[in-house]
Amino acid sequence: MAAFFVFPTRLFKPSSLQARLLGAAISGGASLTGDTQLADISGGGRWAVDFGASDLLDPAIVKAWRALAAAADNGVTQILVPLADRLHQPVTPTLTTPDPFGLSIYDDGLTPWGPDQVTATATSIAALGETELHFTFTAPRALVGGEHFSILHAAWGWRLHIVTRVKSGGVGSGDATVIDFRPPLREAVAIDDLLNFDSPRCLMRLDGDMSEVVELQRFGTASARFVEAGKPA
Amino acid sequence: MALDWDDVALAQIEGGGVRPAILVRIATDPLIRLWTGAVRDLAIGSDTVETTDGAIYQGMGVLNNVPAVNQLLNGQAERVEFRMSGAAITGEIAAIASTEAADIRGAKVNMGLLVFDSNWQIASPTAWLWEGYADSLSVDRQGDAKSPTRTIKLSVGSLMTGRRRPAIGYWTDTDQRQRSADDTFFDRVRQYSIQTTKVWPV
């Protein structure tokens, strides 16, 4: 796995998280009856994540933010963004094995990700653009839909998806599970590929400005917005 | 060209919420295949235009603009412009832009349309709506220094578009001198027209 800068969500502890899929719906205009036809030409949309105000109360955290803001190069650098939203994942709050990912701004890629509480392994091949996955699912909590998960692809890197419907299984006791999800797969999934429900993350780039404001030369606040990046070089 | 769509695709369109994809195929060497989607590639089946089965079309917002195209009916042959993002151009476009522009001149450009079903799976064969021939490639930079926009413009002509000079068709001095530079035979033709001010003495 390649080395990437990381938005350390667990270190910055942003006050809000808004992860959504941006489409590109074109309206045909309102008809006489007020109906509007829509066409979405985005092919499934792309992720955009807004992190609301982070309180940077420690000099080390302010410096980490500044370093990452400079490394972002106005949005050209691709950054791994973990959502760190464990409450809405099929996991219990505490990690079984400590994971330093999401606590520092750089991941050298030497320690590959491994499942912690959730083991989800693909049981059939899913082609590029597919929106249905078959896998075995072992987890402390059942899947109900609305959970994020990530897949590490060979060419496209980490990509984020969200469960839209649990068609079968999903109880969490090693059962065969079929889900629908969005957005469509960025790259084909092979049998035995792992789905990351523990710490979903996505390869993104900065959108806009993420510079921080430090008040009284001590207390910093900052927010950042990321959009899904393309294929890594 | 008839839209070779089946009932499933037509039902999608009639349903109101349509999920179309617009594809552009430029038959240079190597082939350039682009589509309107965000951050993902699209693999389509083969047909009369796209001869490779499972050919990969690149998304990622490379295509900025797809021009409106017309069928030619008693009119002037049209020329349309495709705009592509010039900030992060694909390898194929970069290769062509960096070498001779002659490589792209005359390359066949096809524009197609297909629809997805509600699970974003391809629900129709590709309807290739328009065919043209690539002409010139130019780089365009707009906006101020703070937020400049760089795009690559590809000018594409239809079958009826030519780059020839207009035929020498009038008995005028200009046309005659194009044929023979020192021939003054039509020198005074313009003075025969109505409302010409004659300078006296001539």
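Scroll up a little and you will see the structure.
Residues numbered from 1 in each chain as written. Chains lettered and ligands numbered in written order. Predicted model: local features only at pLDDT ≥ 70, side-chain atom pairs only at ≥ 80, totals over all residues.

A. How the structure looks around the overall build of chain B. Scanning chain B from N- to C-terminus turns up three helices and 10 strands. Here chain B holds 202 residues, and the buried ones make up 25% of them. Contacts in chain B between residues at least 24 apart in sequence constitute 52% of all its contacts with a sequence separation of at least 6. (Helix = DSSP H or I, 4+ residues; strand = E, 2+ residues; numbered from the N terminus. Buried ≥ 20, exposed ≤ 12 C-beta atoms within 10 Å, placed from the backbone. Contact = placed C-beta atoms within 7 Å.)

B. A look at the nonpolar core. Among the nonpolar cores identified, the biggest contains 28 residues, and Ala-21, Val-24 and Ala-134 of chain B are the most heavily contacted of them. Sorting the residues of this core by element identifies strand E2 (20-26), strand E3 (32-35), strand E4 (42-44), strand E7 (79-85), strand E8 (108-115), strand E9 (127-142) and strand E10 (149-157) of chain B as the ones contributing at least two each. Those residues in contact with Ala-21 of chain B that sit more than four places away from it in its chain are Ile-41 and Gly-43 of chain A together with Trp-35, Thr-36, Gly-37, Leu-42, Leu-114 and Phe-116 of chain B. In this structure, Phe-12, Leu-68, Leu-206 and Ala-224 of chain A belong to the second largest nonpolar core, which totals 26 residues. (Core = buried A, V, L, I, M, F, W, Y, C linked by C-beta atoms within 7 Å.)

C. Structural view of the sheet that holds strand E11 (residues 157-168) of chain A. All names here are of chain A. Spatially, six strands are ordered E10-E11-E12-E9-E8-E13 in an open sheet, and the strand pairing comes out antiparallel. In this open sheet, the two edge strands, each paired with only one partner strand, are strand E10 (148-153) and strand E13 (194-195). The pairing of E10 with E11 spans six bridges and is classified as antiparallel. The partner of His-148 across the bridge, within E11, is Ile-162. (Pairing = 2+ DSSP bridges.)

D. The arrangement of the environment of Phe-149 of chain A in detail. Residues and elements named next belong to chain A. You can see Phe-149 is positioned in strand E10. The class for Phe-149 is buried, based on 25 C-beta atoms found within 10 Å. Distance in space between the C-alpha atoms of Phe-149 and Phe-181 is 9.5 Å, their sequence separation being 32 residues. Among all residues touching Phe-149, those that are not within four sequence positions of it are His-161, Val-163, Leu-195, Asn-196, Phe-197 and Pro-200.

E. Representation of the interface of chain B and chain A. Every contact between the two is made by 19 residues of chain B and, on the other side, 19 residues of chain A. Of all the secondary-structure elements, those providing two or more residues to the side of chain B that touches chain A are strand E1 (17-18), E2 and E4 of chain B. Within the side of chain B that touches chain A, the residues separate by chemical class into 10 nonpolar, six polar and three charged. Taken together, the two bridges between strand E4 (residues 36-40) of chain A and E1 of chain B define a ladder with parallel strand orientation. By the bridge assignment, Leu-38 of chain A is partnered in E1 of chain B with Gly-17 of chain B. (Nonpolar A, V, L, I, M, F, W, Y, C, P; charged D, E, K, R; others polar.)

F. Seen up close, the sheet that holds E4 of chain A. Taken together, three strands build an open sheet; the order of strands is E3(A)-E4(A)-E1(B) and the sheet is mixed. In this open sheet, the two edge strands, each paired with only one partner strand, are strand E3 (25-30) of chain A together with E1 of chain B. Looking at chain direction, E3 of chain A and E4 of chain A are connected through four bridges and run antiparallel. Each bridged residue has a counterpart across the sheet, and for Ala-25 of chain A the counterpart in E4 of chain A is Asp-40 of chain A.

G. Spotlight on unusual backbone geometry. Cis geometry marks the peptide bond from Arg-182 of chain A to Pro-183 of chain A, where omega comes out at -15°. Looking at the element boundaries, Pro-183 of chain A is found in the loop between strand E12 (173-182) and E13. Unlike most non-glycine residues, Asp-73 of chain A shows phi in positive territory, near 50°. Relative to the elements of secondary structure, Asp-73 of chain A occurs in the loop between helix H2 (59-71) and strand E6 (78-82). Take Asp-73 of chain A: there are 13 C-beta atoms within 10 Å of it, and that puts it in the partly exposed class. One non-glycine residue with positive phi stands out, namely Trp-120 of chain B, at about 60°. Positionally, Trp-120 of chain B belongs in the loop between E8 and E9. A residue is classified by how many C-beta atoms lie within 10 Å of it, and Trp-120 of chain B, with 24 of them, is buried.

H. Focus on H2 of chain A. In this model, H2 of chain A (13 residues) spans 18 Å end to end at C-alpha, consistent with the 18 Å of a helix rising 1.5 Å per residue. Two residues or fewer past H2 of chain A, Asp-73 of chain A is found with a positive phi of approximately 50°. (Expected span 1.5 Å × (residues − 1).)

I. Quick look at the pairing of E9 of chain B. Residue and element names in this part refer to chain B. Pairing geometry for E8 and E9, over six bridges, is antiparallel. Bridge pairing in E9 links Leu-113 to Ala-127. Both E9 and E10 contribute to a ladder of eight bridges, which runs antiparallel. Counterpart to Gln-142 in the pairing with E10 is Thr-149. Taken together, E9 and the strand that follows it, E10, pair antiparallel across an intervening segment of six residues, in which Gly-143 is found at a positive phi of about 90°.

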